[in-house]
Amino acid sequence: MIKFSEQQLKIPKLMRPVYLVTAGQSKFDRAFPHKRTEELCVDALTQAAEMINLTPAELKRHIHTCYYGHFADHFGDQLLGEAVIHDRLGLDPLGNIGIKTGGATGGSTLWEAVKAVASGYSDCVLAMGWERMDEVPTDEGNFLISCAADKDWESPLGHIYTGYYAVMAQKYWKVFGKEEESFRRTMAEISVKHHGYARFNPYAQAPMKITVEDVLKSPVVAYPLRALDACLMSVGAACAIICDEKTAVKLTKGTKNKPLRIWVTAGSHSLRPADRRDMEIPLLPNETAKQYKDLGERFPGGERYPGFTGFLAARMAAWYAYRMTGIVDPIKDLDVIELHDAFTISDIQTYEDIGLRPYGEGRDYVESGDCYHTNPKTGKPGRLPSNLSGGLIGCMHAVGATGIMQTFEIATHLWNRWAEIHGDEKRWKAFDRKKPADWTDLQVKGAKRALAISHAGVGSHVTATILMDPDHLLKKDA
Amino acid sequence: MSKYATVRVKDNMYKVMGDFHHLTPNTPIRDLNDGGKLVGVTNPREMTYIHSYGGEAVFFESLSKGKLMATRCDNPKCEAKGTIYQPFRIHCMDCLGKNTVIDMTDIAKKTATIHTFMVCERSGAFNVLHKPIKFINIEFEGVSTILMSYLAVGEPEMGMRVVPIFQTTDPTYTILDLAWVPEGTKKNKLPEGFSF
């Protein structure tokens, strides 16, 4: 049984307000035969500068330290790729550091960047993430990713992460899905939604107009997970500029970007789900112990927590983040979210970990239509739209960049610039992609608060990034 | 029967053929001083990577044609306008604009000198250069940065005038297609496959 001390449950506190000022990203794709990684990073930083009417050279003058998210050196066969990128961005001799926490690398990079500003060490920092996953064929890519599992106990068992999530899917489907075919269809609906939203995103790698039947007929990778239940393998870069208040105001003066308050929290758990000991559920502000007393009766087999059905790291990231920022009910207090949909099943698991629904009832977030931009059942705005970028299933999973891409996406809603950025004909053309005739503006109207969850394989590391319009905070001293 | 891994690009995507990895059985590692108890296992692994030169591809292609390409920032708004980079940089490190690709073969032939050097007696796995390897760093007139390469003939000295040679026969399309020899070296002294 894991028990937490009072010290371990301290609510994190930043020493001064920290702001997201601008962000940018490259096109995402399965392969870039004609671009080096540095070229993609330059694309991302150039967009970040342009978003606040600066040239890259002007923006660089403000940067004091750099945080680089790059997960897998062995993917690009280049050790210390961070040093290469730092040099090519012309940021020497500033201090820089590489961050790697598997799939959560992008979120962790923001975590470090925010702390650097909060502490007063820097007033303006660059958080840049990327991944180069096209230097090996896909099967070798799966092998290289599986090296993030325990090399003696798990990696040799198939060398594929889909398998490690599939056992979770099997257990969750039996316990909370009650072996209903309808649950499997709900999982598939997530893929339909995310590939569908990717159609309106020029940066996205896998726009697809598909049906639940298409997902259910796609090839099995590790039963019950099929090819269309899985995230993409991608190449691309994303960056964010994080500042103190004075710099944030200065850099955004006369631009369309309002500085957004940013907080990032983190949790972790053993790489091996099999090692995860039974424990009491750490409760979020919108939960009570009473509501989980009969969880095992309502869902036989569901009494073990987190077992193979929950991600404690995600729960703890949310536990710290909500208390740090004053969020009580994420469905009511947030306006738009991006979740780490590595697989359709882990998306559902995460709904519960972060309190969108109680444990055991995650499917309702999809089935109610709350997760959509426009609820297909009511025709009204979804209560809390998720993954309007297309997420990892439809947009990209260029690992080190993913958590930053998510933050870029939610920020565009808070800046009320989603349509401008995603609908720009020039961008579609520059990316050699065709803007669909039925392109739809997915701007969440009036969005003031947003969340992004960045997650490493089977929940070993999870971060929660929260953005808020500074005029719409939930807690004065956050 | 394994087939050599090859890659082509079509429609902006890699088209791969052949075997990119080979599986060899592992073997146990045993402690001979402790009754042959198991200590661990070997993990044999052979993988072929796919590598894109991106905007640097023209540099490596040009070596095979006997040309040394560099880049120059021509952005009129950049403080570093006019700066020439060798090693070749795709983007200006100041303004991040796309640099102009220039042919600096003549500059190299007329002005290259050894800035520093070292002689490497032992190399790492996968090295294909003959030992000892004479690493040299070369500076050029009017060029901002210094290039790392190797001296294929003779013994290096600081300040020595050197000229580039190129592997134009059976090129590898890597940085190894470029080497240097002391000024005045005769053509018949060049390594096989190289020319001025």
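Let me sum up the structure you'll find in this document. (Residues numbered from 1 in each chain as written. Chains lettered and ligands numbered in written order. Predicted model: local features only at pLDDT ≥ 70, side-chain atom pairs only at ≥ 80, totals over all residues.)

## Overview of the environment of A:G459
Mapped onto the elements, A:G459 comes out in the loop between β10 (449–455) and β11 (461–468). Between the C-alpha atom of A:G459 and that of A:T37, which follows or precedes it by 422 residues, the distance is 27 Å. (Helix = DSSP H or I, 4+ residues; strand = E, 2+ residues; numbered from the N terminus.)

## Overview of the sheet that holds strand β9 (residues 100–103) of chain B
Residues and elements named next belong to chain B. Here three strands make up an open sheet; going across it, the order is β8-β7-β9 and the pairing antiparallel. Looking at which strands have only one partner, the edges of the open sheet turn out to be β8 (84–85) and β9. Two elements, strand β7 (residues 69–72) and β9, share four bridges in a ladder whose sense is antiparallel. When the bridges of β9 are listed, T71 appears paired with V101. (Pairing = 2+ DSSP bridges.)

## Section: the pairing of β11(A)
Residue and element names in this part refer to chain A. Summarising burial for β11: eight of the eight residues are buried, a large majority. Inspection of the sheet shows strand β8 (residues 260–268) paired to β11 by eight bridges, in the antiparallel sense. Bridge pairing in β11 places G267 opposite V462. Here β10 runs beside β11; their pairing, made up of seven bridges, is antiparallel. What sits directly across from R449, in β11, is M468. (Buried ≥ 20, exposed ≤ 12 C-beta atoms within 10 Å, placed from the backbone.)

## Some details on the pairing of strand β1 (residues 6–10) of chain B
Successive residues of a regular strand alternate their side chains across the two faces of the sheet. All names here are of chain B. Here β1 lies mainly on the outside; zero of its five residues are buried. When β1 meets strand β2 (residues 13–17), the two strands line up antiparallel, connected through five bridges. Each bridged residue has a counterpart across the sheet, and for V7 the counterpart in β2 is V16. The antiparallel pairing of β1 with β2 creates a hairpin that spans two residues between the two strands, and D11 there sits at a positive phi of about 55 degrees.

## Brief notes about the sheet that holds strand β13 (residues 162–167) of chain B
Read across the sheet, three strands follow the order β14-β13-β15 (chain B) without closing on themselves; strand pairing throughout is antiparallel. Edge positions in the open sheet fall to β14 (178–182) and β15 (194–195) of chain B, since each of these has one partner strand only.

## Notes on the nonpolar core
Residue and element names in this part refer to chain A. One finds V114, V125, A127, M128, Y165, C239 and I242 to be the most contacted residues of the largest nonpolar core, which totals 160 residues. For this core, the element with the highest residue contribution is helix α12 (residues 312–325), accounting for ten residues. Filtering out sequence-adjacent residues up to four positions away, I242 remains in contact with V18, L20, A113, V114, V117, V125, A127 and I262. (Core = buried A, V, L, I, M, F, W, Y, C linked by C-beta atoms within 7 Å. Contact = placed C-beta atoms within 7 Å.)

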